[in-house]
Amino acid sequence: GKTALQWAKEQGHAECERALEAAAREAEAAAVAKEALASKQQAAKAAKAAKKAEAKGGTPAGPAISTEPPSGTRDFFPAEMRTRNWLFAKFRETARQLAFVEYDAPVLEAEQLYVRKGGEEITQQMYNFTDKDGKAVSLRPEMTPTLARMILSLGGKVLLPVKWFSIPQCWRFETVQRGRKREHFQWNMDIVGEASIAAEAELLAGVTSFFKSVGVTSADVGIKVNSRKVLAAILKMYGIDDDKFEAVCVIVDKLDKIGPDETVQLLRDAQVSDEAARKIVASLSLRSIGELQELVGEHPVAADAMREMKELFALAEAYGFGDWILFDASVVRGLAYYTGIVFEGFDRKGELRAICGGGRYDKLLSLYGSPTGVPACGF
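Small disclaimer: the values here were computed from a predicted structure and weren't measured.

(A) Up close: the pairing of strand S8 (residues 188-192). In terms of burial, S8 is a largely internal element, five of the five residues being buried. The alternating pattern of S8 places Asn-188, Asp-190 and Val-192 on one face and Met-189 and Ile-191 on the opposite face, and all of these are buried. Sheet topology note: the strand S5 (residues 162-166)/S8 ladder contains five bridges and is antiparallel. When the sheet's bridge partners are listed, Trp-164 is paired in S8 with Asp-190.

(B) Region of the structure containing unusual backbone geometry. Here the amide bond leading from Leu-160 into Pro-161 is cis, since omega sits at 5 degrees, within 30 degrees of zero. Its location among the elements puts Pro-161 in the loop between helix H4 (144-153) and S5. If you check the backbone angles, Ala-99 has positive phi at about 70 degrees while not being a glycine. Inspection of the secondary structure assignment puts Ala-99 in the loop between helix H3 (78-97) and strand S1 (101-102). Residue Ala-99 is classed as exposed on the basis of its relative accessible area, which comes to 53%. Phi is positive for Gln-271, which is not a glycine, with a value near 70 degrees. Tracing the chain through its elements places Gln-271 in the loop between helix H8 (255-269) and helix H9 (274-283).

(C) Molecular detail of the sheet that holds strand S4 (residues 136-139). Read from one edge of the open sheet, three strands run S2-S4-S3, paired in antiparallel fashion. The sheet is open, and its two borders are formed by strand S2 (108-110) and strand S3 (127-130), each paired with just one other strand. With strand direction ignored, the average angle separating the axes of adjacent strands in the sheet is 35 degrees. Bridge count for S2 against S4 is three bridges, and the pairing is antiparallel. Bridge pairing links Glu-109 to Ser-138 in S4.

(D) Layout of the pattern of salt bridges. One pass over the structure, following the stated rule, counts 18 salt bridges. Its salt-bridge partner being Glu-311, residue Arg-307 comes within 3.4 Å of it at the nearest N-O pair. One end of the pair, Arg-307, and the other, Glu-311, are both in helix H11 (residues 300-319), four residues apart, so they sit about a helical turn from each other. Relative accessible area serves as the criterion here: at 35%, Glu-311 is assigned to the partly exposed category. Where Arg-333 meets Glu-344, a salt bridge forms, and the shortest distance between an N and an O atom there is 2.7 Å. Of this pair, Arg-333 sits in the loop between strand S10 (325-327) and strand S11 (341-347) while Glu-344 sits in strand S11, and the two are 11 residues apart along the sequence. Each member of the pair, Arg-333 together with Glu-344, is buried. The network of salt bridges with common partners includes Lys-229, Asp-304, Arg-307, Glu-308 and Glu-311.

(E) Seen up close, the pairing of strand S12 (residues 356-360). Taking burial as the measure, the five residues of S12 include five buried ones, the bulk of the element. Note that S11 and S12 share four bridges and pair antiparallel. Bridging across to S12, Phe-343 finds its partner in Gly-358. Relative to strand S13 (residues 376-378), S12 runs antiparallel, the two being bridged by two bridges. From the neighbouring strand, Gly-359 faces S13, where its bridge partner is Gly-378.

About the criteria used
- Residues numbered from 1 in each chain as written.
- Predicted model: local features only at pLDDT ≥ 70, side-chain atom pairs only at ≥ 80, totals over all residues.
- Heavy atoms only, no water.
- Buried < 20%, exposed > 50% of the residue type's maximum accessible area, 1.4 Å probe, protein only.
- Helix = DSSP H or I, 4+ residues; strand = E, 2+ residues; numbered from the N terminus.
- Pairing = 2+ DSSP bridges.
- Axes fitted to C-alpha atoms, helices over the stretch in contact; angles between N-to-C directions.
- Salt bridge = Lys/Arg side-chain N within 4 Å of Asp/Glu carboxyl O.

What follows is the structure, encoded as structure tokens:
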């Protein structure tokens, strides 16, 4: 009852696994191309029929249109809308049980909000354009920068910490494939103004509570946890300067998608030595806090991160979701603004992409002009 890909992963056949994943991506791309071709053929057929009707002296037909939505988007007919409303209601129910309040914002934002250093893919995937007023704008690719903008707009009039949630529609121009379209909705929960690890624990409690509410168990889904601080310590051990940290994080986040050899090559392209690149990739295979402790030793930056992670796992046991989370050094998250604990939900069968992800981003509001540091985390 196992797929070839599942078997390859369980047996540790990395080359076979990468070949199967590449074949799956090619099949998905072929399906998208087939869908696009069918849409073009349908439009051509309609146009031909309209010309034929007009040639026979009938009433000229209106312009032929495709009945398909734009590539990467989808229609929600009543049956699908009922399912979507049910799911969103579960999001809202879970958030309100934890005393989060809902917010929303325009889907159109200033392009500047998303242009950051670090080589993030998201900056290459924006639906951005210059409007008729000459302003550079973009359909939002994610919600966290909007949250930061809104918190800053209050000018200190809000009593921190705040716990906000939203279910925004987001847009990213990327390759359409299974589980990844260009238009999507996502559930965001963020805590702004709380520096302790209790904030991450509460967010993870929200994630696991939601899964339980829809019948998903810890046997179905797990949550991998790591820390950007630990990665920073490892990179310093291998001679990587701070100014390369964000770019390196973006590269190593691609490890599961492109494999170790290509990751090493990208690190080399980013002016990381071959020896350091290979050691960095090897360090991402650690799967226990004990192994991590042995690698970093008493490094001062790592010591703080190790304390936070141990506290998080203790809180997870106290909250009752300890069986959902596990340490995984390869989890980095692709957004440059994360600064501490990061986490990623995955299906234990290994058939789906990341289900959810998030972490701590204590410097984001400062990046947007906050005169003082504001701790924050979310998913």
